[in-house]
Every structure is written in structure tokens, then in C-alpha cells.
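Coordinate inspection notes
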Amino acid sequence: MSEKFKGSFTQQEPIPEAGIEAAMAVLRHGRLHRYNTVAVEVAETALLEEEFAAYVGAKYCVALASGGAAMACALRACQVKPGDPVLSNAFTLAPVPGAIASLGARPVFVEVTKDLTIDLDHLEEQAKASGAKVLLLSHMRGHVGDMEALMALCDRLGLRVIEDCAHTMGAKWKGVASGRHGAIGCYSTQTYKHMNSGEGGLLVTDDPELAARAVLLSGSYMLFARHRAAPPAEVFEALKLDVPNVSSRMDNLRAAILRPQIGMLDDRRARWRALYQGMERGLEGVAGVQLIPRPQHEDYVGSSFQFLLPGWEPARVAAFVAGAAARGVELKWFGAADPQGFTSRYAHWRYAAPEVLPQTDRVLAGLIDMRLPLTFAAEDVVQIARIIGQEVGVAASARDLASVAAPAAD
Ligand SMILES: *Cc1c(COP(=O)(O)O)cnc(C)c1O
């Protein structure tokens, strides 16, 4: 009988005790709404914004209801209008094109490279062909491309960059925090990301007008003076009657849960990186498997792991994924014909205009993805890599693919 992995790919760590205590205090006083404060009290949400801004080295920060809400808020702050083209990665998660569609704007997809970053040549082509003024750049699965080359290109093309840092909170490029290269950085604090409040989002910028617009958009009414990581009152005065309230605030309960997690991000990055590198070592040299290079200047958070099965026909990939699943190893395949769980790809987003992206199709056809929760131990990763290596071998050499996909009798 072959070994099975018994752990869970979806089990995150518990909320730290300090977060639980702070949450209990909020529950006990009952003032969960961020503007429900007494006397000199500063809301947990305002403190979270101040502390997160300091962590990434930004002037301004706004807490929102989700990462998707943060991206939509960022697009609105940039005054994207219905019908406007907005560039984004073809390889990303559904809330990214969804944020564009929520404004009635048009997603225009850009090819992904085999390193899983945006293709800069195609970005230039699509920018010129569409006339887009904004790029919603998704650092999908934590892969950060050459940010200097990207920013130089976007400056030349007159493109404003909004960064989707759902998988790069705590990551850096050449020492600069992810989310700090573009005009706005957006983060998610949904359970599967790098800080966990169930749902939640953060938006950072150094631009006072964008920050004031984001605060007003988030639903500040005329209470914007209670924010701390926000520009001075005169910036709001000029805008307060023009910017709609698109209610999507974060509350004090979630902010309380998150504040103690900011100080844990660097340690989490190191622990995630150790799991990631363990996976890399385990799969190095497995015939048929192509690992994703990680550039020297990318200080990444390896909260998930990807590899390619280049040139594999779909039935063989499907047999491999089924074989691994039968042994407790839960893999996602971005090339599957139908979207499953959290994974869908650009061709599935029928609200967007259809595009032909052969390079992205080729990459996604063999792209395998898995979560690496911090509840995994070093030995878990060794075992998972061993099982993957064996199943790759079985699927690669099988003549009768149907028999590979059948669950092993045990
Ligand atoms: C999770 C995720 C988001 C959105 O975050 P939510 O908080 O779930 O709205 C955006 N982009 C990527 C790449 C994500 O994985």
C-alpha cells in the first residue's frame, strides 16, 4: 500500500492570543463600527491603518471590507469610468477582473510568462491597442516580476499602476515592500492570505488625493478626520462633496484581530520560505517537472507553490492530479476545462471580451498549484514532494490513463 498524506491543505494557524484578547475587548465594549468612538478613543481600525502604513513604508492607508473591495476602491480613486479599458494579468484570481467589472470598466488581459509574471512586451502591445490608462497588476501566487523594468515601461506608456498584493503582503523587491512601486497597493486579509481576519482589505498610497478619495469612497461620511494614516483636512474639503460613499469599510473587530499580526509578517515570510524551499528541494530533478525560477531580488512569501508539467496532454495532467488526490495531496490545475474551487482562468470570465492568449494557454495547460499553510511541518513538505514525484512518474509513463486516474484500492 502506498503512503498517504494525512494533513490539511486548508488549515491555517489560529488567531494569535493577543488578537483574540483585543477582539474580546471590542466585543465587550460593543463599539464595532469604526466611527463609534468615545472621547479621545482611537478606533482599532485607525490604528491598524497607521501601523500597516508604517510596516510597508507608506504615507496613507485605508482599511476595507475585502481585498476585492480595496481593488475596486483603488480603481474608483483613479477615476476609472464605465467602459474604460483596464489592463490586468490573464493569470490571476477571479476577484481581480471582478473588481474591474464592478465599475462597468473592461478588463484587457495581458499574457503571462513561464515564470508566472506579466509579459512586458505584451503589456506594451495591449496598452497601445486598448488606450488603457490603468494597469491592475496582480502579483499572482506571489511571483513578483522585475518591478524596475515594469515601472519604467508603465511610466513611458502613461499607465497608472495599482498593485494587487493579495499574495505578496510582506514580500519585497530589492528591499521595497510589494505594493509600494505603483500608485496604490491593495492587500487582502482573507483567511488564506498572510494575515487572517476572515475577510478584509487594505489599500496604501503616498498620493494625498488618491488617499482622500479612497477614504471617502470607503464610506467615511464626514468623519474622515478620525483617520490617522490620511492626508490633512484641506485635501478632503476639496473632494468631500464630489466623491460617492461606496460603503465598504472594515470594522474594529477585524482590525483588532489583525493588529498583532503585522509584527508577525516577517517571521511568517521566513517560515513560509522554508516550506517553499523544502518543496523545491523535494521536486528538483523529478523528470517532467519544471520549477518556477525565483529571481535574486525577489524577497517572496512562499504561501503557495507552483510547478509546470510542460507539454503534457490534458488527460495525463488530469490523471496525475487524480492520482495525487487519492494519496491526500490536494493540487489545483489551472488548465482544467471547468473552473473548480478558487481556480478559474481568463477564458471562463465571460463578462470580459474574449481574447486569444496562446502563451497564457500554454503555461496554464501545465500549471499545478498548491497551498502551503503554516500548519505544515518540514516533514510534511518532504512527504508531499515524495508523493508528487512518484505520481508524476506514474502518470508520465502510463499508457492507459484511465487506470492511473482510478483511486488505488487499499
Ligand atoms: C484573494 C485574492 C484577491 C481578493 O481578495 P478578497 O479579500 O478575497 O476579496 C485578489 N487577488 C488575488 C490574486 C487573490 O488571491
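As the structure is a computational prediction, the values presented were derived from the model and not from experiment.

Here the focus is the overall build of the protein. Along its length, the protein carries 14 helices and 14 strands. Relative to its length of 410 residues, the protein is compact, with a C-alpha radius of gyration of 22 Å against a globular reference of 22 Å. Within the protein, the fraction of its 410 residues that count as buried is 56%. With the model as given, the accessible surface of the protein reaches about 16800 Å², and the carbon-plus-sulfur share is 54%. If you average the places of the 41 positive and of the 46 negative side-chain charges in the protein, the two averages end up 2 Å apart.

Turning our attention to empty space enclosed by the protein. In this structure the tally under the stated criterion is three cavities of 30 Å³ or more. Here the largest cavity defines a volume of roughly 240 Å³. If you go around the largest cavity, you meet 19 residues; those closest to its centre are Arg141, His167, Tyr192, Ser304 and Arg371. Residue classes in the lining of the largest cavity are distributed as seven nonpolar, seven polar and five charged. Here the lining of the largest cavity spans two domains, since at least three of its residues come from each of domain 1 (17-262) and domain 2 (265-404).

Taken together, the neighbourhood of the ligand is formed by 16 residues, with Gly67, Asp164, His167, Ser188 and Lys193 sitting nearest. A distance of 2.7 Å is found between an oxygen atom of the ligand and a side-chain nitrogen or oxygen belonging to serine 188. At 3.0 Å, a side-chain N or O of lysine 193 approaches an oxygen atom of the ligand. Coverage of the ligand by the protein amounts to 92% of the 380 Å² it exposes when considered alone. Among the elements of the structure, α3 (67-77) and α4 (95-101) are those that each provide at least two residues to the shell around the ligand.

Here we have four strands laid out as an open sheet, ordered β10-β12-β14-β13, and antiparallel in their pairing. The strands lining the two open edges of the sheet, one partner per strand, are β10 (290-291) and β13 (332-333). Against the sheet, helix α10 (residues 265-283) makes contact with β10, β12 (304-308) and β14 (367-371), and its axis sits at roughly 25 degrees relative to β12, the strand it touches most.

Turning to the sheet that holds strand β7 (residues 176-177), a few remarks are in order. Within the open sheet, the three strands sit side by side as β7-β6-β11. Their pairing is antiparallel. Each having just a single partner strand, β7 and β11 (298-299) make up the two edges of the open sheet. Where strand β6 (residues 172-173) meets β7, two bridges bridge the pair, whose relative direction is antiparallel. Bridged to tryptophan 173 within β7 is valine 176.

Once that is clear, we can look at the side chain of threonine 189. Relative to the assigned elements, threonine 189 resides in the loop between β8 (184-188) and β9 (201-205). Excluding residues within four positions of it along the chain, threonine 189 makes contact with Met169, Met195, Asn196, Ser197, Gly198, Glu199, Gly200, Gly201, Leu202, Met250 and Leu258.

What follows concerns helix α12 (residues 358-365). For α12, the set of buried residues is Thr360, Val363 and Leu364. The buried residues of α12 occupy one face: seen down the axis, they fall within an arc of 95 degrees. Packed against the buried residues of α12 are β3 (106-110), β12, β13 and β14.

Rules and cut-offs
Residues numbered from 1 in each chain as written. Predicted model: local features only at pLDDT ≥ 70, side-chain atom pairs only at ≥ 80, totals over all residues. Heavy atoms only, no water. Helix = DSSP H or I, 4+ residues; strand = E, 2+ residues; numbered from the N terminus. Rg over C-alpha atoms; globule rule 2.2 N^0.38 Å. Buried < 20%, exposed > 50% of the residue type's maximum accessible area, 1.4 Å probe, protein only. Areas by Shrake-Rupley, 256 points an atom, 1.4 Å probe, with all protein chains shown as cover. Lys, Arg positive; Asp, Glu negative; His and termini not counted. Charge placed at Lys NZ, Arg CZ, Asp CG, Glu CD. 1 Å grid on protein atoms, 1.4 Å probe; cavity = no way out; pocket = protein on both sides within 12 Å on 5 of 7 lines; lining within 4 Å. Points joined across faces, edges and corners; volume = space filled by probe spheres on them. Nonpolar A, V, L, I, M, F, W, Y, C, P; charged D, E, K, R; others polar. Domains from an automatic or database assignment. Near = heavy atom within 4 Å. Polar contact = N/O pair within 3.5 Å; in protein donor to acceptor, adjacent residues only side chain to side chain. Pairing = 2+ DSSP bridges. Contact = heavy atoms within 4.5 Å. Axes fitted to C-alpha atoms, helices over the stretch in contact; angles between N-to-C directions. Arc of directions from axis to C-beta.

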